[in-house]
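Letter by letter, the chains look like this.
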Amino acid sequence: MSSDPGLSTAATNISITGPADGHFVLDNSVPLVCPWTSTAFHLGHVTDFVLSNAVIKMANNHTNPNLPCFGPKAGITMSPDKNGGSPSFGIVANITSTGGWPGYGMIQVQSAQNVSFENLDGTGGYTLRMETGAGGHGNNSGGHNGAFVGGIIVSKPQTKCV
């Protein structure tokens, strides 16, 4: 989710959500292309958004040695676009992921402002990883302000929240 990378305006009022009594499934457990470049959702310069009621099945060559290359970075990523616009005023809730890769996992955030992360259940890797500066994003990312985190479920010993 992002506006046109050449523009400085944000995509606004975006909602990707499963039904209230269920969820939608993104299955990348057996990808057709190298899963390292595959991310279920990348949020760039977007504001007033909801991403909820989803199951993300990720590929992991530690659990499936037949995969041709390394596992995905994360199921959901958030980072600034080339103009420095970051995700803001959003909700990420009721998300379950499986097959997360150690060191990455379910959600990796480089930059976000006033985003709520609630009821996350990740197996493998980090459930929620918030960092700034990796990959050169630190110069204009704005860091993290106003984040709310609640209801994180750690399903396996290698699953973490930092």
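No experiment lies behind these values; they were computed from the predicted model shown.

A.B. asks: What's the story with the overall build of the protein chain in this structure? I'm lost.
C.D. replies: A tally of helices and strands in the protein chain yields 0 helices and 12 strands. Each helix (α) and strand (β) of the protein chain, taken in turn from the N terminus, gives the series β-β-β-β-β-β-β-β-β-β-β-β. Taken over 162 residues, the protein chain has a buried fraction of 44%. In the protein chain, the share of contacts with a sequence separation of at least 24, taken over all contacts with a separation of at least 6, comes to 77%. Surface summary for the protein chain: the accessible area is close to 7,700 Å², and the carbon and sulfur share equals 54%.

A.B. asks: How do you make sense of unusual backbone geometry when you look at a structure like this?
C.D. replies: A negative phi angle is the norm for most residues apart from glycine, just as the trans form is the norm for most peptide bonds. At N53, a residue that is not glycine, the phi angle is positive and equals roughly 55°. In this structure, N53 sits in strand β4 (residues 46-57).

A.B. asks: Quick question: what am I supposed to make of the confidence of the model for the protein chain here?
C.D. replies: Predicted coordinates in regions of low pLDDT should not be interpreted in detail. Summary statistics for the protein chain give a mean pLDDT of 75 and a share of 67% for residues scoring 70 or more. Note that pLDDT drops below 50 for residues 137-141; the model gives that stretch 14 contacts with residues more than four away or on any other chain. pLDDT under 50 marks residues 157-162. Its contacts with residues more than four places away, or in other chains, come to 19 contacts.

A.B. asks: For this particular structure, what's the right way to read the nonpolar core?
C.D. replies: A general trend in soluble globular proteins is that nonpolar side chains are found buried together. In terms of nonpolar packing, the biggest core is built from 21 residues, with I76, M78, V92, I95, I107 and F117 touching the most fellow members. Take this core: its biggest share by element is 5 residues, from β4. Among all residues touching F117, those that are not within four sequence positions of it are M78, V92, I107, V109, L128, M130, F148, V149 and G150.

A.B. asks: Where do I start with the environment of T127 in this structure?
C.D. replies: Within the element layout of this structure, T127 appears in strand β9 (residues 126-130). A relative accessible area of 0% means that T127 is categorised as buried. As for T127 and A74, which are separated by 53 residues in sequence, their C-alpha atoms are 9.4 Å apart.

A.B. asks: Teacher, can you tell me more about the environment of V46 here?
C.D. replies: Relative to the elements of secondary structure, V46 occurs in strand β4. The sequence separation of V46 and P87 amounts to 41 residues, and the corresponding C-alpha distance is 4.8 Å.

A.B. asks: Looking at this structure, how should I read the pairing of β4?
C.D. replies: Put simply, side chains in a regular strand alternate between the two faces of the sheet. Among the 12 residues in β4, 9 count as buried, and that is most of the element. Pairing of strand β1 (residues 11-17) with β4 involves 6 bridges; the strand directions are parallel. By the bridge assignment for β4, I14 is matched with F49. Note: strand β2 (residues 24-27) against β4, 4 bridges, orientation parallel. Bridge assignment links F24 to a residue of β4, and that residue is A54.

Cut-offs applied
- Residues numbered from 1 in each chain as written.
- Predicted model: local features only at pLDDT ≥ 70, side-chain atom pairs only at ≥ 80, totals over all residues.
- Heavy atoms only, no water.
- Helix = DSSP H or I, 4+ residues; strand = E, 2+ residues; numbered from the N terminus.
- Buried < 20%, exposed > 50% of the residue type's maximum accessible area, 1.4 Å probe, protein only.
- Contact = heavy atoms within 4.5 Å.
- Areas by Shrake-Rupley, 256 points an atom, 1.4 Å probe, with all protein chains shown as cover.
- pLDDT = per-residue confidence, 0-100.
- Core = buried A, V, L, I, M, F, W, Y, C linked by side-chain atoms within 4.5 Å.
- Pairing = 2+ DSSP bridges.

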